[in-house]
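# Residue-level structure breakdown
Okay, here's what each chain looks like letter by letter:
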Amino acid sequence: MSSADQPEHSKQEEEETAGAAAAAEDEDTGAEVAPIVKLQEVAVSTGEEDEDILLDLKCKLYRFDKEGNQWKERGVGTVKLLKHKETQKVRLVMRQSKTLKICANHLVLASTSVQEHTGNDKSCVWHATDFSDGELKEELFCIRFASVENCKTFREKIEEIAESLEKKVEEGEESEETKSATNLLEKLNVGGSKDKEGTKEAAADPEKDESTQQEKPESD
């Protein structure tokens with residue numbers, strides 16, 4: 001055989017070998033391979049299973065840092081007002097959209113008062129005894145919505161709940177637990193009244209603080 005025929009012959013052999021290998025791969029041996037790790041379905045609890053959703057809106061939340069005397073972003077996500085099916089208590093819960101980390105978690109009480117943000121009709125501010133970090137802390141929050149309508153809906157819904165609770169207080173229907181929470185909030189408000197007065201001017205413009213930190217935004 002001449003040297004000129006050798007490349008063509010080698011090519012034919014390679015094609016036959018490749019075809020045999022492919023046929024071997026496609027052959028069903030009937031063997032069953034058990035998975036190395038067996039995964040089990042796990043039920044995930046959000047803690048909201050026993051609550052009805054009264055409000056669900058997308059927003060951006062800030063908290064006022066007293067030590068730094070500035071607003072800090074808590075996150076972008078969804079704020080909900082949840083009413084417990086048995087106790088009838090209403091709490092405000094906000095989670096970050098991606099991580100689902102809790103940014104705010106507190107009861108809506110008769111003393112809860114949401115005020116319109118000075119100079120921005122898409123935002124509003126309020127004080128609350130918050131538990132999102134695992135301990136009760138008096139916080140000053142500012143929340144911003146995409147539209148004026150959403151902000152108005154949020155403010156009016158909380159006012160409606162607070163007024164309903166106030167009527168129950170007047171009629172003597174308030175539970176001992178709610179009384180304790182109200183008393184705690186009042187004590188914290190008395191102790192932090194000077195801090196509130198000192199933060200009124202700052203509370204009027206959280207977006208101004210945000211604009212000065214665009215290169216390196218701070219968040220908890």
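Worth saying up front: this structure is predicted, and the values here are computed from it rather than measured. (Residues numbered from 1 in each chain as written. Predicted model: local features only at pLDDT ≥ 70, side-chain atom pairs only at ≥ 80, totals over all residues. Heavy atoms only, no water.)

## Some remarks on the packing of aromatic side chains
Selection rule: Think of it this way: a Phe, Tyr or Trp ring, Trp meaning its six-membered ring, pairs with another when their centres are within 6.5 Å, and the plane angle makes it stacked under 30 degrees, edge-to-face over 60, tilted otherwise. Going along the chain from the N terminus, every DSSP run of H or I of four or more residues is numbered as a helix, and every run of E of two or more is numbered as a strand. We call a residue buried when its accessible area falls under 20% of the maximum for its residue type, exposed when it is over 50%, and partly exposed in between, using a 1.4 Å probe and counting protein chains only.
Overall, the coordinates contain 4 aromatic pairs when judged by the stated rule. When the centroid spacing of 5.6 Å and the interplanar angle of 55 degrees are considered together, the rings of Trp126 and Phe154 count as tilted. Highlighted residues: Trp126 in strand S6 (residues 123–130) and Phe154 in helix H2 (residues 148–170), separated in sequence by 28 residues. We note that Trp126, like Phe154, is buried. Ring pairing ties together the aromatic residues Trp126, Phe141, Phe145 and Phe154, which thus form one cluster.

## Details of H2
Short version of the rule: Expected span, for any helix, means 1.5 Å times one less than how many residues it has. Note on contacts: a residue pair is in contact if any heavy atoms of the two residues lie within 4.5 Å.
Between its first and last C-alpha, H2 extends 33 Å over 23 residues, near the 33 Å set by a 1.5 Å rise per residue. Residues Cys151, Phe154, Arg155, Ile158, Ile161 and Ala162 constitute the buried set of H2. In the core, the buried residues of H2 are packed alongside strand S1 (51–65), strand S2 (70–84), strand S3 (90–96), strand S5 (115–116), S6 and strand S7 (137–144).

## Topic: the nonpolar core
The following threshold applies: Nine residue types can take part in a nonpolar core, namely buried Ala, Val, Leu, Ile, Met, Phe, Trp, Tyr and Cys, and a core is a set of them joined through side-chain atoms within 4.5 Å.
One finds Val79, Leu92, Trp126, Ile143 and Phe154 to be the most contacted residues of the largest nonpolar core, which totals 23 residues. Elements supplying a minimum of two residues to this core: S1, S2, S3, strand S4 (102–107), S6, S7 and H2. Excluding residues within four positions of it along the chain, Leu92 makes contact with Val79, Lys80, Leu81, Ala104, Asn105, His106, Val108, Trp126, Phe154 and Ile158.

## Quick look at the state of the cysteines
Applied cut-off: What counts as a disulfide here is a pair of cysteine sulfur atoms lying within 2.5 Å.
Tallied over the full model, the rule gives 0 disulfides. Cys103 supplies the cysteine sulfur nearest to Cys59, a cysteine that is in no disulfide, at a spacing of 8.1 Å. You can call Cys59 buried: its relative accessible area is 5%. Here Cys124 is not cross-linked by a disulfide; its sulfur's nearest cysteine counterpart is in Cys151, at 3.9 Å.

## With respect to unusual backbone geometry
Non-glycine residue Asn69 carries a positive phi angle of around 55 degrees. In this fold, Asn69 is placed in the loop between S1 and S2. Non-glycine residue Gln88 carries a positive phi angle of around 70 degrees. Mapping Gln88 onto the fold places it in the loop between S2 and S3. Taking relative accessible area as the criterion, Gln88 reaches 36% and is therefore assigned partly exposed.

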